[in-house]
Amino acid sequence: MQVSDFNYELPEELIAQDPLERRSDSRLMVLNRKTHTIEHRHFRDILEYLNPGDCLVINDTKVIPARLLGVKQDTGAAVEVLLLRNHGNNVWEALVRPGKKLKPGAVVSFGDGLLTGTIEEVIEGGNRMVRFSYEGIWEELLDRLGEMPLPPYITHKLQDKNRYQTVYATHEGSAAAPTAGLHFTEELLQELQKKGIRIARLTLHVGLGTFRPVKVETIEEHHMHSEYYEFSEEAAELINRTRAEGGRVISVGTTSTRTLETVASRQFGEDAREFQPLKASSGWTDIFIYPGYTFKVVDGLITNFHLPESTLIMLVSAFYDREHVLKAYRTAVEERYRFFSFGDAMLLI
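Keep in mind it's a predicted model, so treat the numbers as computed, not measured.

Engineer: How should the packing of aromatic side chains be read in this particular structure?
Structural biologist: What characterises a pair of aromatic rings is the spacing of the ring centres plus the angle enclosed by the ring planes. Applying the stated criterion to the full structure yields 18 aromatic pairs. Ring plane angle 65° and centroid distance 4.9 Å describe the contact between Tyr-8 and Tyr-329, whose orientation is recorded as edge-to-face. In this pair, Tyr-8 is assigned in the segment before β1 (27–32) and Tyr-329 in helix α6 (residues 322–334), connecting sequence segments 321 residues apart. The same class applies to Tyr-8 and to Tyr-329, which are both buried. Each residue in the set Tyr-8, Tyr-153, Phe-305, Tyr-329, Tyr-337, Phe-339 and Phe-340 is aromatic and connected to the rest through ring pairs, giving one cluster. Over the ring of Tyr-337 we find Arg-27; its NZ or CZ atom is 3.9 Å from the centre of that ring. Lying over the aromatic face of Phe-319, Arg-33 brings its terminal NZ or CZ to 3.8 Å of the ring centre.

Engineer: Just to check I follow, could you spell out a negative patch on the surface for this structure?
Structural biologist: Taken together, Glu-139, Glu-140, Asp-143 and Glu-172 make up a surface patch of like negative charges. Sort the elements by how many residues they give to the negative patch and helix α1 (residues 138–145) lands first, with three residues. One can find Glu-172 in strand β11 (residues 171–174).

Engineer: Explain helix α5 (residues 311–319) here, please?
Structural biologist: An α-helical segment advances 3.6 residues per turn. Residues three or four places apart therefore align on the same side. Burial analysis of α5 places nine of its nine residues in the buried class, the great majority of the element. Those residues of α5 that are buried lie in contact with α4 (253–268), β16 (300–304), α6 and β17 (345–348).

Engineer: How should I be thinking about the side chain of Thr-311 in this particular structure?
Structural biologist: For Thr-311, the location among the structural elements is in helix α5. Every residue in contact with Thr-311, bar those within four places of it in the chain, is listed here: Val-214, His-222, Met-224, Phe-288 and Ile-289.

Engineer: What's the story with α4 in this structure? I'm lost.
Structural biologist: With 16 residues, α4 extends 23 Å between its outermost C-alpha atoms, agreeing within 8% with the 22 Å of an ideal straight helix rising 1.5 Å per residue. Just downstream of α4 lies Gly-269, where phi reads positive at about 90°.

Engineer: Sorry, what's going on with the environment of Lys-62 here?
Structural biologist: Positionally, Lys-62 belongs in strand β4 (residues 61–63). Separated by 111 residues in the primary sequence, Lys-62 and Gly-173 have C-alpha atoms spaced 6.0 Å apart. In contact with Lys-62, not counting residues within four places along its chain, are Gln-165, Ala-169, Thr-170, His-171, Glu-172, Gly-173 and Ser-174.

Engineer: Explanation requested: the packing of α5 against α6 in the structure shown.
Structural biologist: In a pair of packed helices, the angle between the axes and the distance between the axes together describe the arrangement. Put simply, α5 and α6 touch, their axes get as near as 7 Å, and they point 120° apart. As summarised for this structure, α5 and α6 are arranged oblique, according to the angle between their axes. The handedness of the crossing between α5 and α6 is right-handed. Every residue of α6 that contacts α5 at Ile-313, Val-316 and Ser-317 is listed here: Arg-322, Val-325, Leu-326 and Tyr-329. Taken together, the residues of the contact of α5 with α6 break down into five nonpolar, one polar and one charged.

Engineer: Even after reading the chapter, I still don't get the sheet that holds strand β3 (residues 55–59), so can you show me in this structure?
Structural biologist: The pairing of strands in a sheet comes from backbone hydrogen bonds and takes either a parallel or an antiparallel form. One open sheet accounts for nine strands, arranged β2-β1-β17-β16-β14-β3-β12-β13-β15; its pairing is mixed. Every interior strand has two partners, whereas the edge strands, β2 (37–42) and β15 (281–285), have only one. Taking the axes of each pair of neighbouring strands and ignoring which way they run, one obtains an average angle of 20° across the sheet. Two strands pair when backbone bridges link them, and β1 and β2 are joined in this way by six bridges, in the antiparallel orientation. Opposite Asn-32, over in β2, you have Thr-37 as the bridge partner.

Engineer: What exactly am I supposed to notice about the pairing of strand β5 (residues 67–72) here?
Structural biologist: Along any regular strand the residues' side chains alternate between the sheet's two faces. Strand direction decides the pairing type here: β5 and strand β6 (residues 78–86), joined by five bridges, are antiparallel. Bridging across to β6, Val-71 finds its partner in Ala-78. Here β5 hands over to β6 after five residues, with Gly-76 in that stretch at a positive phi of 80°. Here β5 pairs with strand β8 (residues 107–110) via two bridges, running antiparallel.

Engineer: I'm lost on the pattern of salt bridges in this one. Help?
Structural biologist: Opposite charge on two side chains allows them to pair when their charged atoms are near. Going through the model one piece at a time under the given rule, you end up with 17 salt bridges. Where Glu-147 meets Arg-67, a salt bridge forms, and the shortest distance between an N and an O atom there is 2.6 Å. Taken together, the residues span a long stretch of sequence, with Glu-147 in the loop between α1 and β11 and Arg-67 in strand β5 at a distance of 80 residues. Among the residues examined, Glu-147 registers a relative accessible area of 25% and is labelled partly exposed. Between Glu-237 and Arg-241 there is a salt bridge; the shortest N-O distance is 2.9 Å.

Each value, and the rule that gives it
- Residues numbered from 1 in each chain as written.
- Predicted model: local features only at pLDDT ≥ 70, side-chain atom pairs only at ≥ 80, totals over all residues.
- Heavy atoms only, no water.
- Phe/Tyr/Trp six-rings, centres within 6.5 Å; stacked < 30°, edge-to-face > 60°.
- Helix = DSSP H or I, 4+ residues; strand = E, 2+ residues; numbered from the N terminus.
- Buried < 20%, exposed > 50% of the residue type's maximum accessible area, 1.4 Å probe, protein only.
- Lys NZ or Arg CZ within 6 Å of the ring centre and 35° of its normal.
- Patch = residues over 30% accessible without salt bridge, like charges linked within 9 Å, V, L, I, M, F, W, Y side chains within 5 Å.
- Areas by Shrake-Rupley, 256 points an atom, 1.4 Å probe, with all protein chains shown as cover.
- Salt bridge = Lys/Arg side-chain N within 4 Å of Asp/Glu carboxyl O.
- Lys, Arg positive; Asp, Glu negative; His and termini not counted.
- Charge placed at Lys NZ, Arg CZ, Asp CG, Glu CD.
- Contact = heavy atoms within 4.5 Å.
- Expected span 1.5 Å × (residues − 1).
- Axes fitted to C-alpha atoms, helices over the stretch in contact; angles between N-to-C directions.
- Parallel < 35°, antiparallel > 145°, perpendicular 65-115°, else oblique.
- Left-handed = near helix turned anticlockwise from the far one by under 90°.
- Nonpolar A, V, L, I, M, F, W, Y, C, P; charged D, E, K, R; others polar.
- Pairing = 2+ DSSP bridges.

Pasting the structure below:
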């Protein structure tokens, strides 16, 4: 299957640059996979589509303010360091700009010397291993000096860091937000629980690979980036009980979906077609879901509108089918929906 099969035309003005004042005021396109109908609602109306006994699965990862702007200590040249992965002992894997100026031994100063980073090694792909030195508490320094690493298609400065976090963000470690969850408010989550809808939490730390374009012509050639996940006994029990009692598992976002399907594939085989009780697990996943994949856990999906030719639109197309998904995207353009991270949402049931 060709990557170009997942292309669509998107006017640039439909790329949302700022979050709405109220999260749940975003629009919601509802796709019914049985009747092939499209409804246009608002996100707060999602209550009408979820039933008592259903289980909503959310990703409670928390984005760290991973973008650090500093200067090269010996020349004063401006430098950007984007934290990707914590390797322990104050050493981080990072993406740096400009790369030519940051060779092993180079020292970068942030916040007038409150934080310094020494380039220790250049690794595969051009990323750097950076050892940081500071006094005080790392998390407090990062919150003070760091910026949210917004996607490249967002050019406006984010006024409130919390708007690039879900209201349930708990475990720090992501370089990007699980954006389907940005539409939920505390009040909406409480209303869902009052209706008898279970909420299961898992964690998948989203990497910057989610923004990297697919550079091959056929999707089977593409290799997914790897991301760390944790799936608890409590989440497993909620999902298993939901399935046993005939409820639906509704995944919030592609990250929750990839985690659930990774757990299931590893526990009862990639070719399994029937649900089996899940167990707690953790590890790294590079699962790539595209049309032809058999879903083992997920019955419904809440997601945003994704970039053309991205692995995310391929996952959504696997859950429904490519033709209907692309038709829905064309409809979204015609109806002036807002696209990407701060944009509107889609519910597939």
